[in-house]
Amino acid sequence: MSQIRPAAEADVPVILDLIRELAVYEKEPDAVKTTEAQLRDALFGASPAVFAHVAEDGGGIQGFALWFRNFSTWEGVHGLYLEDLYVRPEARGTGYGKALLQTLARHAVDNGYARVEWSVLNWNEPSIGFYRSLGARPQDEWSTFRLTGQALQDFGAASPAGARA
């Protein structure tokens, strides 16, 4: 029997393994720096701001969704941002991905959230096709920007223009 459930603290090692599998799938096998302690604290610490659900069957956890709340200034309510959705290759096509997304959509609806959004790599045609089949549409008029690494360090260390000491 399979189920979708909120992640438990004991699931952290498996979720981290799945994050590493996702990084390999996304052609960034050495990019994951997260430790079990960091993930445990983010999900189950004193003030968790990140949440996860897992897809589980008799063989263990087959996939996960990791998400956090965002906010729409135009709608005036929260939304849900899906950071990661991953299902093990051998479990794909069994409905786990759809069930995980439906669980998040239900959570959003039940809590009055305006949207569920996520990013997908442009080359990931299988996922794009899957998301389109659910009724999701790309936001082609938006581009994602990111400050990271040395650029973030440099920019964050500079005094804001126009700021007074």
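Enquirer: How do you make sense of unusual backbone geometry when you look at a structure like this?
Expert: Negative phi characterises most residues that are not glycine, and trans characterises most peptide bonds. Positive phi outside glycine occurs at K27, with the angle close to 65°. Exposure remark for K27: the relative accessible area of 58% places this residue in the exposed category.

Enquirer: Quick question: what am I supposed to make of the packing of aromatic side chains here?
Expert: For any pair of aromatic rings, geometry is given as the distance between the ring centres together with the angle between the planes. Tallied over the full model, the rule gives five aromatic pairs. Where Y25 meets W123, the ring centres are 5.9 Å apart and the plane angle is 50°; that geometry is what we call tilted. Of the two residues, Y25 is situated in helix α1 (residues 12–25) and W123 in the loop between β5 (116–118) and α4 (125–133); the sequence distance between them amounts to 98 residues. Classification of W123 by relative accessible area gives partly exposed; the value is 36%. Looking at K27, its charged tip hangs above the ring of W123, at a distance of 4.1 Å from the centre. Directly above the aromatic system of Y25 lies the positively charged group of R92, at a separation of 5.0 Å from the ring centroid.

Enquirer: Where do I start with the sheet that holds strand β2 (residues 51–57) in this structure?
Expert: Spatial ordering of the open sheet is given by β1-β2-β3-β4-β5, a layout of five strands whose pairing is mixed. What marks the edges here is a single partner per strand, and that holds for β1 (3–6) and β5. Ignoring strand direction, the axes of neighbouring strands in this sheet form an average angle of 30°. Where β2 and strand β3 (residues 60–72) come together, seven bridges link them in antiparallel fashion. Within the sheet, the bridge partner assigned to F51 lies in β3 and is W67. Sheet strands touched by α1: β2, β3 and β4 (77–87). Its angle to β4, the strand with the most contacts, is close to 80°. Each of β1, β2, β3, β4 and β5 touches helix α3 (residues 96–110); the most contacted strand, β4, lies at about 165° to it.

Enquirer: It is not clear to me how the environment of R40 should be interpreted in this structure. Could you clarify?
Expert: When you line up the elements, R40 lands in helix α2 (residues 36–44). Separated by 78 residues in sequence, R40 and W118 place their C-alpha atoms 22 Å apart. If near-sequence neighbours (up to four positions away) are discounted, R40 is found in contact with E9, V12, P13 and G45. Engagement of the side chain of R40 in a polar contact is seen with the side chain of E9, the distance being 3.5 Å.

Enquirer: What should I look at first to understand the packing of α1 against α2 in this one?
Expert: Helix-helix packing is described using two parameters, namely the angle between the two axes and the distance between the axes. Axis separation between α1 and α2 bottoms out at 10 Å; the angle between their running directions is 110°. One element, α1, and the other, α2, form an angle in the roughly perpendicular class. Between α1 and α2 lies a crossing of right-handed hand. Listed contacts from α2 to V12, P13, I15, L16 and I19 of α1 are E36, L39, R40, L43 and F44.

Enquirer: Any chance you could explain a nonpolar patch on the surface here in plain terms?
Expert: Among the surface-exposed residues, L147, L152 and F155 lie close enough to one another that they form a single nonpolar patch of about 310 Å² accessible area. Here F155 lies in helix α5 (residues 149–157). Exposure remark for F155: the relative accessible area of 60% places this residue in the exposed category.

Enquirer: Honestly, α1 in this entry has me stumped. Any pointers?
Expert: Residues spaced three or four apart along an α-helix point in a common direction, a consequence of the helix completing one turn every 3.6 residues. Along its 14 residues, α1 runs 20 Å from first to last C-alpha, staying within 8% of the 20 Å computed at 1.5 Å per residue. All of the buried residues in α1 are V12, I15, L16, L18, I19, L22 and A23. The buried residues of α1 occupy an angular sector of 160° when the element is viewed end-on, so they sit on one face. Of the surrounding elements, those touching the buried residues of α1 are α2, β2, β3 and β4. In the stretch just after α1, K27 is the one whose phi turns positive, near 65°.

Thresholds, definitions, all that
Residues numbered from 1 in each chain as written. Predicted model: local features only at pLDDT ≥ 70, side-chain atom pairs only at ≥ 80, totals over all residues. Heavy atoms only, no water. Buried < 20%, exposed > 50% of the residue type's maximum accessible area, 1.4 Å probe, protein only. Phe/Tyr/Trp six-rings, centres within 6.5 Å; stacked < 30°, edge-to-face > 60°. Helix = DSSP H or I, 4+ residues; strand = E, 2+ residues; numbered from the N terminus. Lys NZ or Arg CZ within 6 Å of the ring centre and 35° of its normal. Pairing = 2+ DSSP bridges. Axes fitted to C-alpha atoms, helices over the stretch in contact; angles between N-to-C directions. Contact = heavy atoms within 4.5 Å. Polar contact = N/O pair within 3.5 Å; in protein donor to acceptor, adjacent residues only side chain to side chain. Parallel < 35°, antiparallel > 145°, perpendicular 65-115°, else oblique. Left-handed = near helix turned anticlockwise from the far one by under 90°. Patch = residues over 30% accessible without salt bridge, like charges linked within 9 Å, V, L, I, M, F, W, Y side chains within 5 Å. Areas by Shrake-Rupley, 256 points an atom, 1.4 Å probe, with all protein chains shown as cover. Salt bridge = Lys/Arg side-chain N within 4 Å of Asp/Glu carboxyl O. Expected span 1.5 Å × (residues − 1). Arc of directions from axis to C-beta.

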